[in-house]
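As a plain string of letters, each chain reads:
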Amino acid sequence: MLGEVFRIDNILNTCEKILYFFKVNLLFLLCNLPMVLFLLFVGAGQVRAYLPLFLLCMVPFGPALSAVFFAMNRLLHKYDTTAWHDYWQGYIDAWGQKMMVSAIHMLLIWMFWTNIEFFSIQMPILPLLIVFVVLFVAVILATPNLYLLTARYRMPLADIWKGALMLTITRPLLTLSNCVIFAFALMLLEVRAGTMILFLASIYGFLTVFLNQQVFKQLDKMATNRES
């Protein structure tokens, strides 16, 4: 009898976690409605042709991803709150700064990609092409670190970007692991698009937060030591 009670309790806990993932993912999609509408009515294959419009639609992505990271961190550390509360707390807190970080991020992506096309097609100059390819790759690879920092700390914009780039460069194995997580998420979307679209952001967020938790514990200790 006691064993059955424990089994039922485990089943209920599992269902709660699945529902938590679903709710956070749904809120993420709602907050990224411009991006969703672009992909539905324009199509992923037209991103390059309409890159400025797509990146403009992607500006809300930053606060939304920060909120996913914030919620998944609370889930990982077993805070007894709801998905709605966790997500919106992570989304609303310092919303303006997160939007600014995201806007700068999308602007840099557009600038570097435009220069890559210019120096590879219209005016081929290999050294400049290499410079802008490196800058473009660095900005893309820094994405998870950028929004993990905005989800966790209140810092000046310059410090957020500096910290994200430093983590990306000085932690190559972690950067590679973040890339693997993103590739794994895309693979899930390819295999089970209908199901994974309901959980993809939450799964990606949870795996990223779990993988990076030791680094951010170290950063927390450093911040605490500075304050004391």
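What you see is a predicted model, and the numbers here were worked out from it, not measured in a lab. (Residues numbered from 1 in each chain as written. Predicted model: local features only at pLDDT ≥ 70, side-chain atom pairs only at ≥ 80, totals over all residues. Heavy atoms only, no water.)

A. Focus on the overall build of the protein chain. Helix and strand counts for the protein chain come out as 12 helices and zero strands. When the helices and strands of the protein chain are listed from N to C terminus, the series reads α-α-α-α-α-α-α-α-α-α-α-α. For 228 residues, the compact-globule estimate of 2.2 N^0.38 gives 17 Å, and the protein chain sits close to it at 19 Å. Across the 228 residues that make up the protein chain, the buried fraction comes to 39%. In the protein chain, the proportion of contacts linking residues at least 24 apart, taken out of those at least 6 apart, comes to 73%. If you sum the accessible surface of the protein chain, you get close to 13,500 Å²; carbon and sulfur atoms cover 73% of it. (Helix = DSSP H or I, 4+ residues; strand = E, 2+ residues; numbered from the N terminus. Rg over C-alpha atoms; globule rule 2.2 N^0.38 Å. Buried < 20%, exposed > 50% of the residue type's maximum accessible area, 1.4 Å probe, protein only. Contact = heavy atoms within 4.5 Å. Areas by Shrake-Rupley, 256 points an atom, 1.4 Å probe, with all protein chains shown as cover.)

B. Structural detail: helix H4 (residues 61-76). Between its first and last C-alpha, H4 extends 22 Å over 16 residues, near the 22 Å set by a 1.5 Å rise per residue. Burial runs high along H4: 15 of the 16 residues are buried. (Expected span 1.5 Å × (residues − 1).)

C. Geometry of the packing of aromatic side chains. Tallied over the entire structure, the rule returns 17 aromatic pairs. Considering the side-chain rings of Phe21 and Phe206, the 5.7 Å spacing of their centres and the 50° angle between planes classify their relative orientation as tilted. Of this pair, Phe21 sits in helix H1 (residues 2-31) while Phe206 sits in helix H12 (residues 200-227); the two residues are 185 residues apart in sequence, bridging distant segments of the chain. Phe206 sits in the partly exposed class, given a relative accessible area of 24%. (Phe/Tyr/Trp six-rings, centres within 6.5 Å; stacked < 30°, edge-to-face > 60°.)

D. Seen up close, the side chain of Thr143. With respect to the helices and strands, the residue Thr143 is situated in helix H8 (residues 143-152). Other than its neighbours up to four places away in sequence, Thr143 contacts Phe61 and His105.

E. Quick peek at the environment of Leu129. Mapped onto the secondary structure, Leu129 falls in helix H7 (residues 126-141). The exposure class assigned to Leu129 is buried, which follows from its relative accessible area of 19%. Spatially, the C-alpha atoms of Leu129 and Phe182 are 26 Å apart, while their sequence positions differ by 53 residues. The residues touching Leu129, leaving out its near neighbours within four places in the chain, are Ile116, Phe119 and Ser120.

F. Inspection of a nonpolar patch on the surface at higher detail. Among the surface-exposed residues, Leu33, Leu37, Leu40, Phe41, Val42, Tyr50, Leu53 and Leu56 lie close enough to one another that they form a single nonpolar patch of about 830 Å² accessible area. It is helix H2 (residues 33-41) that contributes the most residues to the nonpolar patch, four residues altogether. Along the chain, Val42 turns up in the loop between H2 and helix H3 (51-57). Overall, Val42 belongs to the partly exposed group, its relative accessible area being 32%. (Patch = residues over 30% accessible without salt bridge, like charges linked within 9 Å, V, L, I, M, F, W, Y side chains within 5 Å. Salt bridge = Lys/Arg side-chain N within 4 Å of Asp/Glu carboxyl O.)

G. Representation of the nonpolar core in the model. Within the largest apolar cluster, 60 residues are counted, with the highest numbers of intra-cluster contacts made by Val24, Phe28, Phe69, Met72, Tyr87, Met106 and Tyr147. Contact partners of Val24, with chain neighbours within four places excluded, come to Val68, Ala71, Met72, Ala83, Tyr87 and Ser202. (Core = buried A, V, L, I, M, F, W, Y, C linked by side-chain atoms within 4.5 Å.)

H. Up close: helix H10 (residues 172-191). Helix length check: H10 (20 residues) gives 28 Å between terminal C-alpha atoms against 28 Å at 1.5 Å per residue, within 8%. Considered for burial, the residues of H10 that qualify are Leu174, Thr175, Asn178, Ile181, Ala185 and Leu188. In a view along the axis of H10, the buried residues occupy a sector of 140°, so they form one face of it. Turned more than 90 degrees from where H10 packs its buried face, Pro172, Leu173, Leu176, Glu190 and Val191 sit exposed. (Arc of directions from axis to C-beta.)

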